[in-house]
Amino acid sequence: MKYTVESDIGRKRKVNEDRVAFFEHPHHFKLAILADGMGGHNAGDVASEMAIEEMKSHFLQVDQAQLETPDAKKTWLDDVISTINNKIYQHSLSHEGCNGMGTTLIAVLIDEQDCVVAHIGDSRVYYFTSEHVALITRDHSYVNVLLDHGEISEEEAENHPQKNFIVKSLGTESTIDPDFYNFTLEQSSYLLICSDGLSNKITTDEMAAILALPMSINEKGKKLIQLANDSGGEDNISVILLSLNDGEV
């Protein structure tokens with residue numbers, strides 16, 4: 001498996017509130033994490049940094065026996081995220097400058113080719129093969145709530161003025177209920193984890209076109225960031241790109 005991790009402040013923001021990381025456990029497990037600190041709240045960068053560091057600490061200390069099955073992996077992720085959520089929430093209550101802070105979270109636990117995704121907020125996971133692209137996650141957004149209740153159409157959702165308003169985030173309430181997804185990576189495929197600074201600026205067709213270019217995976221990650229910046233770069237932009245392509249550099 002090849003991977004690259006990229007994060008850029010973008011062209012408009014003064015602080016990068018995104019945090020991204022990729023960790024490898026001694027017993028072959030891998031963990032890809034992306035946290036997008038909430039720009040409309042205080043100390044979003046503190047929340048995202050806490051999320052990454054706490055996930056790292058728990059992951060590198062976990063016993064292999066706790067991750068033997070998909071259900072066990074989900075239970076472990078759920079327990080760890082609940083612990084981290086409470087820690088961020090309590091920090092926000094006890095530090096005046098951090099009151100109300102929060103972050104999105106994508107945590108992808110990888111066991112060989114099997115993946116378990118934990119998802120909170122509007123950061124996304126895309127899966128690309130040579131034949132199709134799938135959006136694995138579904139945004140926890142106000143617009144999707146309206147869609148679910150039939151109050152707006154898909155077309156109206158695309159340009160809704162509150163498109164970026166999320167209804168679930170890590171650390172803003174005392175409890176959290178992530179969404180979970182399971183899938184298996186195929187050979188010659190890509191897994192793309194990104195903040196909304198990327199997904200709001202470029203289409204899946206543009207993503208797929210970059211992944212098909214004859215360049216290294218590091219260059220592809222940088223190219224994705226560049227295109228989002230070229231399209232406005234109003235937000236921080238972060239990417240974790242993983243490949244099971246045998247020919248990948």
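Here, the structure is the one placed above.
Definitions and cut-offs
- Residues numbered from 1 in each chain as written.
- Predicted model: local features only at pLDDT ≥ 70, side-chain atom pairs only at ≥ 80, totals over all residues.
- Heavy atoms only, no water.
- Salt bridge = Lys/Arg side-chain N within 4 Å of Asp/Glu carboxyl O.
- Helix = DSSP H or I, 4+ residues; strand = E, 2+ residues; numbered from the N terminus.
- Buried < 20%, exposed > 50% of the residue type's maximum accessible area, 1.4 Å probe, protein only.
- Phe/Tyr/Trp six-rings, centres within 6.5 Å; stacked < 30°, edge-to-face > 60°.
- Pairing = 2+ DSSP bridges.
- Axes fitted to C-alpha atoms, helices over the stretch in contact; angles between N-to-C directions.
- Contact = heavy atoms within 4.5 Å.
- Disulfide = S-S within 2.5 Å.
- Core = buried A, V, L, I, M, F, W, Y, C linked by side-chain atoms within 4.5 Å.

S.K.: What am I meant to see in the pattern of salt bridges here?
M.R.: Note that side chains of opposite charge can pair when their charged atoms are close. Per the counting criterion, the structure on display carries 9 salt bridges. A salt bridge links Glu-49 to Arg-19; the shortest N-O distance between them is 2.6 Å. Taken together, the residues span a long stretch of sequence, with Glu-49 in helix α1 (residues 44-61) and Arg-19 in strand β2 (residues 18-24) at a distance of 30 residues. For Glu-49, a relative accessible area of 34% gives the class partly exposed. Of the charged contacts, one joins Asp-148 and Arg-138 as a salt bridge, the two residues approaching to 2.8 Å between their closest N and O atoms. Here the residue Asp-148 occupies a position in helix α3 (residues 142-148), and Arg-138 occupies one in the loop between β7 (133-135) and α3, the gap between them amounting to 10 residues.

S.K.: What is the right way to read the packing of aromatic side chains from this model?
M.R.: The description of an aromatic ring pair rests on the distance of the ring centres and on the angle between the ring planes. Taken as a whole and judged by the stated rule, the model has 5 aromatic pairs. Summarising the aromatic geometry, the rings of Tyr-142 and Phe-165 are spaced 6.2 Å apart at their centres and angled 85 degrees between planes, so their arrangement reads as edge-to-face. Residue Tyr-142 is located in helix α3, and its partner Phe-165 is located in the loop between α4 (154-158) and β8 (179-184); the two are separated by 23 residues in the primary sequence.

S.K.: Looking at this structure, I do not really get the sheet that holds strand β9 (residues 190-194). What am I missing?
M.R.: By definition, the strands of a sheet pair up through backbone hydrogen bonds, in either a parallel or an antiparallel sense. Pairing is antiparallel in the open sheet, where 5 strands are placed in the order β1-β10-β9-β6-β7. Strands with a single pairing partner mark the edges of an open sheet, and in this sheet they are β1 (2-8) and β7. Across the sheet, the mean angle from the axis of one strand to that of its neighbour is 15 degrees, orientation sign disregarded. Relative to strand β10 (residues 237-243), β9 runs antiparallel, the two being bridged by 5 bridges. If you follow Ile-193 over to β10, its bridge partner there is Ile-240. The strands touched by helix α6 (residues 204-211) are β6 (124-128), β7, β9 and β10; relative to β6, the strand with the most contacts, the crossing angle is about 55 degrees. Contacts between helix α7 (residues 217-230) and the sheet are confined to β1, β9 and β10, with β1 contributing the most and set at about 30 degrees to the helix.

S.K.: Would you explain the state of the cysteines in this entry?
M.R.: Two cysteines joined by a covalent bond between their sulfur atoms form a disulfide. Counting across every chain of the model gives 0 disulfides. Here Cys-115 is not cross-linked by a disulfide; its sulfur's nearest cysteine counterpart is in Cys-194, at 16 Å.

S.K.: Which parts of the structure should I look at to understand the nonpolar core?
M.R.: As a rule of thumb, nonpolar side chains are buried together in soluble globular proteins. Met-55, Phe-59, Trp-76, Leu-77, Ile-81, Ile-88 and Leu-170 are the most contacted members of the largest nonpolar core, which has 32 residues in total. Elements supplying a minimum of two residues to this core: β2, β3 (30-36), α1, α2 (70-94), β4 (105-111) and β5 (114-120). Val-125, Phe-183, Leu-185 and Leu-242 belong to the second-largest nonpolar core, a separate cluster that totals 20 residues.

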